[in-house]
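Chains, contacts and geometry: an overview
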Amino acid sequence: MIQAASAARGVNEDVRVHVGQGSFEVASRHDLVFSTILGSCVSACIRDPSLGVGGMNHFLLPEAPGSGADDRRYGVQAMELLINGLLQLGASRVRLEAKVFGGARMSSTLADIGGRNTVFVRRFLLDEGIPIIAESLGGDQARRIHYWPATGRVQQQLVRDPAIAIRERVITRPVAEPSAGELELFG
């Protein structure tokens, strides 16, 4: 029914790709949107604005303990895979720019993993010479992120109950006007 109503209005539905924990995606398609839900995890949305190619990752912890250094659930590996994926699509390292999200402190009684992830992603991007042009890091709420890699547009919605949000998959086009708790960032 949603597709029929959208088609009748002449609106094309975006193809959504969920970026789960420990994964990354890169693309240049204008009809593609990457989506994820973050608590203490962090996602970097990196793109080459001249080429219109971008990508998103989702990492859990800043560094791997012991022998897990090549596990993409950890920051260094997740960032390297994302950047290398963009370079393989023709992106230029000198034109890359980043928008970063997540890093919430989801429990005041546990270690501040979100804070550690935030420090890591800022330091990594600074060391790599990739400017952060927008960020929404920290706080104590989960976030739902939608990222259009070709244009750099990002929509963020704060999530009150992360347990419910994780079970929910967004399959329709986001509303055009942000409501309370939402933020849109454009390239």
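The structure under discussion appears in the preceding block.
Residues numbered from 1 in each chain as written. Predicted model: local features only at pLDDT ≥ 70, side-chain atom pairs only at ≥ 80, totals over all residues. Heavy atoms only, no water.

1. As for helix α2 (residues 75-88)
The first and last C-alpha atoms of α2 sit 20 Å apart over 14 residues, in line with the 20 Å expected at 1.5 Å per residue. When we look at burial in α2, the residues that qualify are G75, A78, M79, L82, I83, G85 and L86. For α2, the buried positions fall inside an angular range of 155° around the axis, keeping them on one side. (Helix = DSSP H or I, 4+ residues; strand = E, 2+ residues; numbered from the N terminus. Expected span 1.5 Å × (residues − 1). Buried < 20%, exposed > 50% of the residue type's maximum accessible area, 1.4 Å probe, protein only. Arc of directions from axis to C-beta.)

2. What to know about the nonpolar core
I46, F59, M79, L86, L96, V121 and L125 are the most contacted members of the largest nonpolar core, which totals 20 residues. Counting residues per element, this core draws most heavily on α2, at five residues. Listed in part, the twelve residues of the second largest apolar core include V19, F34, C41 and C45. (Core = buried A, V, L, I, M, F, W, Y, C linked by side-chain atoms within 4.5 Å.)

3. A look at the pairing of strand β3 (residues 32-38)
Burial within β3 is extensive, with seven of its seven residues counted as buried. Both strand β1 (residues 15-18) and β3 contribute to a ladder of four bridges, which runs parallel. Looking at the pairing, H18 lines up with S35 of β3. Bridge count for β3 against strand β8 (residues 142-148) is five bridges, and the pairing is antiparallel. Within the sheet, the bridge partner assigned to S35 lies in β8 and is H146. (Pairing = 2+ DSSP bridges.)

4. Observations concerning the environment of M79
Inspection of the secondary structure assignment puts M79 in helix α2. Classification of M79 as buried rests on a relative accessible area of 0%. Sequence separation of M79 and A44 is 35 residues, and the distance between their C-alpha atoms is 7.8 Å. Contacts of M79, omitting those with residues within four sequence positions, involve A44, I46, N57, F59, F120, V121, F124 and L125. (Contact = heavy atoms within 4.5 Å.)

5. What about the packing of aromatic side chains?
Overall, the coordinates contain two aromatic pairs when judged by the stated rule. Where F59 meets F120, the ring centres are 5.5 Å apart and the plane angle is 85°; that geometry is what we call edge-to-face. Of this pair, F59 sits in the loop between β5 (53-58) and α2 while F120 sits in helix α3 (residues 113-128), and the two are 61 residues apart along the sequence. By relative accessible area, which is 0% here, F59 ends up buried. (Phe/Tyr/Trp six-rings, centres within 6.5 Å; stacked < 30°, edge-to-face > 60°.)

6. Looking at the sheet that holds β5
Overall, mixed pairing links the five strands, which are arranged β2-β5-β4-β6-β7 in an open sheet. With partners counted over all chains shown, the strands left at the sheet margins are β2 (23-27) and β7 (132-137), one partner each. For this sheet, the mean angle separating the axes of adjacent strands, direction not counted, is 10°. Here strand β4 (residues 42-48) pairs with strand β6 (residues 97-102) via six bridges, running antiparallel. (Axes fitted to C-alpha atoms, helices over the stretch in contact; angles between N-to-C directions.)

7. A closer look at the pattern of salt bridges
Side chains that carry opposite charge are capable of pairing whenever their charged atoms lie near each other. Summed over the entire model, instances satisfying the criterion amount to eight salt bridges. In this structure, R47 and E97 form a salt bridge, with 3.9 Å as the shortest nitrogen-oxygen distance. Here R47 is found in strand β4, whereas its partner E97 is found in strand β6, with 50 residues between them in sequence. For R47, a relative accessible area of 7% puts it in the buried group. Measuring nitrogen to oxygen at the nearest pair gives 3.4 Å for the salt bridge that ties R123 to D127. Residue R123 and its partner D127 are located together in helix α3, separated by four residues, close to a single helical turn. (Salt bridge = Lys/Arg side-chain N within 4 Å of Asp/Glu carboxyl O.)

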